[in-house]
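Residues per chain are reported as follows:
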Amino acid sequence: MGDRPKLPARYEQVKLLGEGNFAKVYLARHMDTKEEVAIKVMDKEKLIKLGAVQQIKREIAVMRRLRHPNIVQLHKVMACKSRIFVVMEYVRGGPLYRHIPANSGLKEDETRRIFQQLVSALTFCHAQGVYHRDIKPDNLLVDEHGNLKVFARRGYDGAKADAWSCGIVLFVLAAGRKPFRDDDFITLYRTICRGDYRCPRTFSPELVRIVRRLLQPNPAHRITLLQIKETDWFKKGFKEVSFYIDNKDCLRSLDGSEEPDLCDSDSEDETAMSSSSSGSSSPVAHGDGGGMHTSVSAPSLVNLEKMHIAAARAPEPRIRRIKSMNAFDIIASSPSFDLSGLFEERGEQLRFVSSAPVNTIISKLEEIAGQVSFTARTKDCQVSFEATRNGHKGALAISTKIFQLTPELVMVQVCKKAGDTAEYRQFCGSELKPGLRGIVDGLPEDGLPPTLNVA
Amino acid sequence: MGCASSKQFKRAPRHGDAALLAKETTFSLDEVKALYELFEKISYSIFKDGLIHKEEFQLALFRNSNRKNLFADRIFDLFDMKRNGVIEFDEFVRSLQFFHPDTPMADKIAFAFRLYDLRGTGSIEREELKEMVLAILNESDLLLSDDAVEQMVDQTFKEADLNGDGRIDPDEWKAFTSMNPALLKYMTLPYLK
C-alpha cells in the first residue's frame, strides 16, 4: 500500500506503536483538541485476502458498545477506499509485564488490585456475550495511573478459557514469572494438563487457593470469574465500577462501497460522547497490531469522580465548538424516524429550546450533575451524566447535547443512554427540569417532562 | 412471536419466498427468517392477520397505537409499496433493507428524499420543509416563534437549494446529504446485521 495519507484528516502521526499481520498502530494527536489517541490502521485488501472482513466488522461493532474503565475505549471508526481506521484511547503506561518485577512479582495488595480490574473488565464483557480468549500479560496494558486496560476482543464462548488465563495473569503478577515451563510446546502442554506448577512461598494461602481453582485443567471443575468475585480474597477493597453500553452506536461505512468519510462527521458524535476527553484519565493503546485489546484501568471511583468534577468545574477558557442544526437535522433527529423502536426499547429523548448562552447552560448542567453526585463529562457542547451507583438495570447514563438553531436560539437534547427508565424520568422531573427553569424557555410548570417518547 | 391462538392464520414464509427475498435484497436467508419473526410479532399484535396495519406499526414503534405522527405515517406509506393500507412481509423486508448497514448510501439518500417529498412532486418544496419542522416541533412540545422557524427554513434552503428555484431536487439533496452525513444516520439500523 502506498504509504501516503497514513492517518485520517486532522490527526497527526506521533509515532508507530506496533505492527501486526494486517494492521499498524500509530500514536496520533488530534490537531484541534490535541488529544492523543492510538489509531489502528487496517488494510482493506489484506483483510479481504485473509477473509477477515466480517470478523473485524463484528468485532468493532461489539467493541464500540463496550464501555468500562478497564477496557480500552474505541472512540470511532473511519474508513477510506483502501483502509479502515480504528481510533482508540491511548494507554500511556505500556504493557503490564513491564511493570512486574521479574521473579519477585508485585505485592499481594497490588496484585489483587490489578486482578480485580481484570476480572471486573472480563465479567463485564462476558455479561455482554463477549469473550476475550487471548488474555495474557503481553496483551494487558497499564495507564499512567497504574490502572489496567484490556483490549476488548471477540472470541467464541470462552468464559472458562478466560478464567484460566486470568489464573496465569494472577500468577505472573504475584510471582514475576510464568507458572508453566514453556521450553517447548509439548512440555508446556503436559505441565498444563497435569496442573504441574508451584506457587512461590510469598503467596498467601488464600492466593494459592484461588490460583489453584483458576488453573484447574478441567474446565468443568474450574472456578468461574463470577465465583471468584465472591471470594473474600477478591472482595477485599473491591468496588464494582459503573458502566454502560452505548446502545445507539452504529457502524458506518466500513465496507469500501462508499465514499471516504475521513472528516469527523456529525454522525460520529454518539461515539465522541463515549470518548472521555475530559482530561482526567486518558489512557493510550499500545497496540501490537493483533486483536483489539482492552485496557484495564480501574481508578477508584471516588478519584475518578473527583477528577471529572474537577475537570468540569475548572474554568475553561477554550472555545466550544457548537454544532448547528439545520431544519433537516431537526427532522432527522426526531425520535419518530428512529426505527430502532422496532427492535428494542429505545432511549427516551427530551428536547427543549433556550436563548441562554451556551456556557451558562453547560455550567448549569454541570451544577445539576454535582448536586446529585453524578459524574459529568463535558466535551464541547455535550455534557454526559453518569450515575456512580448501579441501579438494577446498571448505572443511569444520560447525554445532553446543545445545538445552534438560529443565531439566538439553541436546542438542548437530553437522551437516556442506559439505566432504568423510571430512574431517568425521576431525574428529569425532579432535578434536571427544576434546575434548568429560568434558563430554558417554555418549560411547563408541573414537574413532568414535556415530552417523553414513552418507550 | 405471535400468540398461540393465532396459529391457524400463521403463514410462515415458504422457503422459496424467503430465498427469493434473500436473493433480491441485502439480507441473507437467515436474516430474512429472523425478520419474519419480527414481522410475525408485529403483525399479530392487534389484528392478528399476518399483515401490519398502521396501528400495529405505531404500537411497535412507540409502544402506543394511538399516537398520531406525521413521520410514522410517512414511513408506513413508503413501506406500503402496493398502497393497500397494510404492510405485507415482502414489503417489510424490501423496505427495511434501506436501513441495512450494507445498503449503498445512494439508496438511503433516495429513500430519505421520498420520505420528505410529502406530496410526491419529485422535489422537496419549501412549504414541505416548513410543514415537517412544525410537525416535529409540535410533537416535541417545543415552542418556537414563527420567525425563528422561518429563519431556520430560509437558512437551510440557502444551503441546500443550490439553484435557488425554491425546491430541493434529488441532485441538490444528494449534495446536501454528503455535506451533512448525520442527516442519514437514522437510515442505518445496526440491528439489521
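An unreviewed UniProt entry lists chain B under the name Calcineurin B-like protein, from Triticum turgidum subsp. durum. Regarding chain B, the relevant UniProt record gives this comment under Subunit (unreviewed entry): "Homodimer. Interacts with CIPK." Regarding chain B, the relevant UniProt record gives this comment under Sequence similarities (unreviewed entry): "Belongs to the calcineurin regulatory subunit family."

An unreviewed UniProt entry lists chain A under the name non-specific serine/threonine protein kinase, with Triticum turgidum subsp. durum as the source organism. Under the heading Cofactor (unreviewed entry), UniProt records this for chain A: "Mn(2+)". The annotation that UniProt attaches to chain A under Sequence similarities (unreviewed entry) is "Belongs to the protein kinase superfamily. CAMK Ser/Thr protein kinase family. SNF1 subfamily."

Draft legend 1. Region of the structure containing the pairing of strand 4 (residues 74–79) of chain A. All names here are of chain A. With respect to burial, strand 4 is a largely interior element, 6 of its 6 residues being buried. Judged from the 5 bridges that link them, strand 4 and strand 5 (residues 83–89) form a sheet pairing that is antiparallel. Counterpart to alanine 79 in the pairing with strand 5 is isoleucine 84. Counted along the chain from strand 4 to the antiparallel partner strand 5, the turn is 3 residues long.

Draft legend 2. Summary view of the packing of aromatic side chains. All names here are of chain A. Using the criterion set out here, one finds 23 aromatic pairs over all chains in the structure. Ring centres of phenylalanine 115 and phenylalanine 234 lie 6.1 Å apart, and the angle between their planes is 75°; on these two criteria the pair is classed as edge-to-face. Here phenylalanine 115 is found in helix 3 (residues 108–127), whereas its partner phenylalanine 234 is found in helix 8 (residues 232–235), with 119 residues between them in sequence.

Draft legend 3. Spotlight on a nonpolar patch on the surface. Residues A:Phe185, A:Ile186 and A:Tyr189 make up a contiguous nonpolar surface patch of roughly 390 Å² in combined accessible area. Positionally, A:Ile186 belongs in helix 5 (residues 185–194).

Draft legend 4. Broad picture of the UniProt feature "binding site: ATP" (unreviewed entry) in chain A. Here the UniProt feature "binding site: ATP" (unreviewed entry) sits at A:Lys40. Note on placement: A:Lys40 falls in strand 3 (residues 36–43).

Draft legend 5. View of the environment of B:Leu129. Here B:Leu129 shows up in helix 7 (residues 126–139). Considering only alpha carbons, one finds B:Leu129 and B:Leu118, 11 residues apart in sequence, at a separation of 9.0 Å.

Draft legend 6. A look at the sheet that holds strand 5 of chain A. All names here are of chain A. Read from one edge to the other, the open sheet built from 5 strands follows the order 1-2-3-5-4, with strand pairing classed as antiparallel. A single partner strand is all that each edge strand has here, and the edge strands are strand 1 (11–19) and strand 4. Within this sheet the neighbouring strands show an average axis-to-axis angle of 25°, counted without direction. Most of the contacts of helix 2 (residues 53–63) go to strand 4, to which it runs at about 145°, and overall it touches strand 3, strand 4 and strand 5.

Draft legend 7. Region of the structure containing the UniProt feature "domain: EF-hand" (unreviewed entry) in chain B. All names here are of chain B. As annotated in UniProt, the feature "domain: EF-hand" (unreviewed entry) corresponds to residues 67–102, 104–139 and 148–183 in the numbering used here. Taken end to end, residues 67–102 is 50% helix and 0% strand, and its first and last C-alpha atoms sit 31 Å apart. Within the segment residues 104–139, helix and strand shares are 72% and 6% respectively, and the terminal C-alpha atoms sit 31 Å apart.

Draft legend 8. Representation of the confidence of the model for chain A in the model. Residue and element names in this part refer to chain A. On average, residues of chain A score 72 in pLDDT, and 73% of them are at 70 or above. Looking across chain A, the model is least confident in helix 10 (residues 301–313), with a mean pLDDT of 28, and most confident in helix 6 (residues 205–214), with 93. Across residues 244–318 the pLDDT falls below 50, and counting only partners more than four positions away or on other chains, this stretch makes 247 contacts in the model. Scored below 50 in pLDDT, residues 444–455 makes 37 contacts in the model with residues more than four places away or belonging to other chains.

Here is what the cut-offs are and how they apply
- Residues numbered from 1 in each chain as written.
- Chains lettered and ligands numbered in written order.
- Predicted model: local features only at pLDDT ≥ 70, side-chain atom pairs only at ≥ 80, totals over all residues.
- Heavy atoms only, no water.
- UniProt positions renumbered as here; feature names shortened; annotations may be inferred.
- Buried < 20%, exposed > 50% of the residue type's maximum accessible area, 1.4 Å probe, protein only.
- Helix = DSSP H or I, 4+ residues; strand = E, 2+ residues; numbered from the N terminus.
- Pairing = 2+ DSSP bridges.
- Phe/Tyr/Trp six-rings, centres within 6.5 Å; stacked < 30°, edge-to-face > 60°.
- Patch = residues over 30% accessible without salt bridge, like charges linked within 9 Å, V, L, I, M, F, W, Y side chains within 5 Å.
- Areas by Shrake-Rupley, 256 points an atom, 1.4 Å probe, with all protein chains shown as cover.
- Salt bridge = Lys/Arg side-chain N within 4 Å of Asp/Glu carboxyl O.
- Axes fitted to C-alpha atoms, helices over the stretch in contact; angles between N-to-C directions.
- Contact = heavy atoms within 4.5 Å.
- pLDDT = per-residue confidence, 0-100.

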